[in-house]
Amino acid sequence: VGEARRSGGQQAGRHKAAMDRDSSWVSAMQTEVLPECSGGRTHHRADTIYLLVMGGRVIAMQTGFALLEAGYGRPMNSANIMMKNIMDLLLGVFVFYLIGFQIGFGAQSEWIENFNFDYALWFLHFSYATTSATIISGAVGGRVSFFTYLALSCVVTGVIYPVCVSWTWGGGWLAELGYVDFAGSSIVHMVGATCAFVSVCICGPRVGRFPEYRAWRGVSRWIFVERNNSEFYQMPLSEVEKAIFSPIKLCSNPVQLLFGTFLLLLGFIAFNPASTFATTLDADALAARVTVVTMISASGGAAACVVVSLFQFRSFVITVPMMTNAVLGGLIASCAPCHAVPPPMGLVVGFIGGLLTLGFEPLMAKFQLDDVVGAVAVHGIPGIWGVLSVPIFAKPHCQSQLRGLVFGGGQEAWRLLLVQAVGLVTMAAFAFVSTYVCIVLIDIVGGFRCSRAAELIGLDFIEHHIDDGSLRLDPTKVAVLSHTPQRDCLVTRVKNRTISPTKAYLEEKVPEHQKESSRRKLEPEETLDAEAEAKAQLGRDQEAQMHAEILRLKEGISKLTATLSMFVHGMRGDRGSFKDLGFIGGCDPEGAELSNPEQGDPGRKEILEALMREAQSAAATAEAQSHVQVIGAQAMINE
C-alpha cells in the first residue's frame, strides 16, 4: 500500500509539473512579446494549432451538409443548394468578424487589425456559427430565393447564434447558473433547427408535396403571413405546369446522401473534441474521451434505425434516409454530454436521439410541414435531448465532476436539470422570435419565397443560368417562360426598380428556343435528321438479316425432317430411301450387313419414330420463335 501511495504521489507530481510547464510557457510568451501583442498570446502554441486544425475540419462539414441536402432535393435545385452552402461561409466570415464575435465574447475586432484579438478562438467559433446557419438551407430547399436566404443566413451568423453564445460559452447569465452544453447540442443545433422551423412554417411546402394541403387559416394565416390559397401548394394547376412538373421524391440521390453523411461523421469527430479548446493542461485526455463517446453515440443512432425498421417494415429493410438521419441524430445528441457521460452511456444517449429523430419526422409530415432534409427532427429534438441527458447520465471522472441522477446526483442533479430546461426554453424562444421578425421583414421588402414558375422550372436555371438543355427539348418550359406575367415575377416582387438579370437572360434565350420550336413544327414529317435516318436504316438492316437467319433455320429443319422420314420409311421396307442416303442393298458403306428390313427391328423403329416426333416439335417451336422475333423487329422499326 505504501508503494502504491508513493507511486501515485510521484505520478501526480509529474502531472502537476507538466501542467506547470504549459502554464509557464504561456506566461513567458506574454512577457517576451510586445505589450500590444500580449493579448493575442492566451493559448499555448500547441493549443493554437489545435484550434485552427479543428476549426478547419468543422468548416469542411459544409461539404457534407451540401451533399446531403442536394441528395434529398430535386436535381434541378442541386447547384442552388451548393451555392447557398458556400455563401454561408463567404458572407458569414465577414459578418461574424465584424459583429458576431464581439456580441458573443465582447471582443473588439477592428476593421484593419487588432493585435490583441484571439484569432484562433474566433476561427473555431466561426465554424460553429456557419454550421448553425446552414441548417436552414436544407429545410427550405427548392423554394426560397437565393438572396433572401443569404440575408437570413447573415442574421443567424451575426446576431442569433452570437447572442446565445454570450449567454453560455461567453460567460453570461446561463453560464453563471451552471448551464452545461459542452459542444453545442442546443447553442448550435437546436438554435439552427428553431430558425429552420420558423422558415418552414412561413414559407409553406413545395408545390405537390402534400396533395391535400390546407393553407394557414384564421389567426394563423395572419401570423405566418400566408398569401396563397391551398390550391397553390397542392398540385400543378395548368396543363403546362403539369407537363414540366417534377415529382417529389423522399431521396433523389442515395449515394450522394450517404457520402454527405460520411463527411459529417468525420466532421463530428472534430466538432465535439474541439470544444476542449486546448490539448495542454490535461485537456488532451478529455479530447480523447469525447471522441470515443461521440463514435459510440453514432453507433447508438444506427441501432435505433434498425429497431425502428423492424417495427415499421416487419423485416430487415433499412432505408437510406432513415439510417443517415438516425446516425446524425445520435451524433447531435452527444454534443452536450460527451465530456461528462461514461462511454457506455453514450450508446444510450445516441440510441434515444435516433429514436426521437425518426419519431418526429412523421409528426412533421402529419402537420404538413415540409422539411426537405428533416433538419428540425435531426438537429432540434436530439439537441434538446442531449442537453437534458447531462443531469441524467453524467458521472464524475478526472476531467469532470458532474454527477447525474442515474449515478446518485440527488438534489444537485435536479437543480441542473431545471437550469438546462430554462436555458433550452430561453434560447428557443429568442431564436423563434428573431427569425420570425427577420423573415417577415424580408418578405415585405423582396419576398421570402421564390415565384411559382421559378420553383417548377428549377432554381438552378432561374437564379444561376444553368441551362441543362431541357429548354431546347421541352417546349412546355418555353411556354412557361414566354408567359409575360410569370417571367416578370421570376426574381423579385419589387416592381419597376431594377432590370432583373434573369429577365434579361430570358429575353435573349426564350425567343431563340421559340424559333427552334416553330422551325421543327414547320418541317415535313418525311424529312428526318441524319441521326434518325441512320437509326431507321440500321433497323431495316437488322430486319433483313433476321429474315435471312429465319429462312436458313427453316431450310435446315426441313432437311432434318426429310432425313428422319427416309430413315423411318427405310426401316419399314422402302429400300429406295436408303439408296438416297448412300446405303445399297441393305448394307452400309463399310459392307456390314443390316438387319432384314421386312422383319424389322422394333427397338430401332421406336427410336426413329421418337426422333421424328421430336424433330417435328422442334420445327414448330423454331417457327413460333421466329415469328415472335419478326414481330419484335417490326415493332422496333416502327418505334
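### Notes on the overall build of the chain
Thought 1: Along the chain, the regular secondary structure elements total 26 helices and 0 strands.
Thought 2: When the accessible surface of the chain is split by element, carbon and sulfur atoms take 63% of a total near 31500 Å².

### So, the packing of aromatic side chains
Thought 1: Counted by the stated rule, this structure contains 17 aromatic pairs.
Thought 2: A centroid spacing of 6.0 Å and a plane angle of 65 degrees characterise the contact between F96 and F101, whose relative ring orientation is edge-to-face.
Thought 3: Residue class for F96 comes out buried when judged on its relative accessible area of 1%.
Thought 4: Centre to centre, the rings of Y128 and W169 are 5.8 Å apart; their planes meet at 50 degrees, and the pair counts as tilted.

### Thoughts on the packing of helix α14 (residues 320–334) against helix α15 (residues 343–366)
The axes of two packed helices give the description: the angle between them and the distance between them.
Thought 1: Direction vectors running N to C along α14 and α15 enclose 130 degrees, while the axes themselves pass 7 Å from each other. Regarding the angle of α14 to α15, the classification is oblique. In the crossing of α14 with α15, the sense of the turn from one axis to the other is right-handed. The residues of α15 that touch α14, namely those facing M322, N325, A326, G329, G330, A333 and S334, are V349, G350, G353, G354, T357, L358 and E361.
Thought 2: Looking at the contact of α14 with α15, its residues break down into 5 nonpolar, 8 polar and 1 charged.

### Quick look at the confidence of the model for the chain
Thought 1: Looking at the chain as a whole, its pLDDT mean stands at 79, while 69% of the residues score no less than 70.
Thought 2: Taking the mean pLDDT of every element in the chain, the minimum, 42, falls on helix α25 (residues 575–580) and the maximum, 96, on helix α16 (residues 375–393).
Thought 3: Considering only residues more than four positions removed or in separate chains, one finds that residues 7–12, a stretch of pLDDT under 50, has 0 contacts.
Thought 4: Here residues 484–499 is modelled with pLDDT under 50, and outside its nearest four sequence neighbours on either side it reaches 25 contacts, counting other chains as well.

### Quick notes on helix α17 (residues 410–445)
Thought 1: For α17, with 36 residues, the first-to-last C-alpha span of 53 Å sits near the 52 Å given by 1.5 Å per residue.
Thought 2: Within two residues after α17, G447 carries a phi angle of roughly 90 degrees, on the positive side.

### A word on the state of the cysteines
Thought 1: Summed over all chains, the structure comprises 0 disulfides.
Thought 2: Between C154, a free cysteine, and C438, which holds the nearest cysteine sulfur, the sulfur-to-sulfur gap is 9.4 Å.
Thought 3: There is no disulfide at C164, and the cysteine sulfur nearest it, in C195, is 8.1 Å away.

### Re the nonpolar core
Thought 1: Core analysis: the largest hydrophobic core is formed by 99 residues, its most contacted members being Y128, I136, L152, Y161, F268, F271 and M427.
Thought 2: Among all residues touching L152, those that are not within four sequence positions of it are I136, S199, T435, C438, I439, I442 and F448.
Thought 3: In terms of nonpolar packing, the next biggest core, distinct from the first, is built from 10 residues, V207, A454, L456 and F461 among them.

### What to know about the environment of C203
Thought 1: Of note, C203 is situated in helix α8 (residues 185–203).
Thought 2: Note: C-alpha distance between C203 and F448 (245 residues apart in sequence) is 7.2 Å.
Thought 3: Not counting the four nearest positions on each side in its chain, C203 is found in contact with R143, V144, Y233, F448 and R449.

Parameters at a glance
Residues numbered from 1 in each chain as written. Predicted model: local features only at pLDDT ≥ 70, side-chain atom pairs only at ≥ 80, totals over all residues. Heavy atoms only, no water. Helix = DSSP H or I, 4+ residues; strand = E, 2+ residues; numbered from the N terminus. Areas by Shrake-Rupley, 256 points an atom, 1.4 Å probe, with all protein chains shown as cover. Phe/Tyr/Trp six-rings, centres within 6.5 Å; stacked < 30°, edge-to-face > 60°. Buried < 20%, exposed > 50% of the residue type's maximum accessible area, 1.4 Å probe, protein only. Axes fitted to C-alpha atoms, helices over the stretch in contact; angles between N-to-C directions. Parallel < 35°, antiparallel > 145°, perpendicular 65-115°, else oblique. Left-handed = near helix turned anticlockwise from the far one by under 90°. Contact = heavy atoms within 4.5 Å. Nonpolar A, V, L, I, M, F, W, Y, C, P; charged D, E, K, R; others polar. pLDDT = per-residue confidence, 0-100. Expected span 1.5 Å × (residues − 1). Disulfide = S-S within 2.5 Å. Core = buried A, V, L, I, M, F, W, Y, C linked by side-chain atoms within 4.5 Å.

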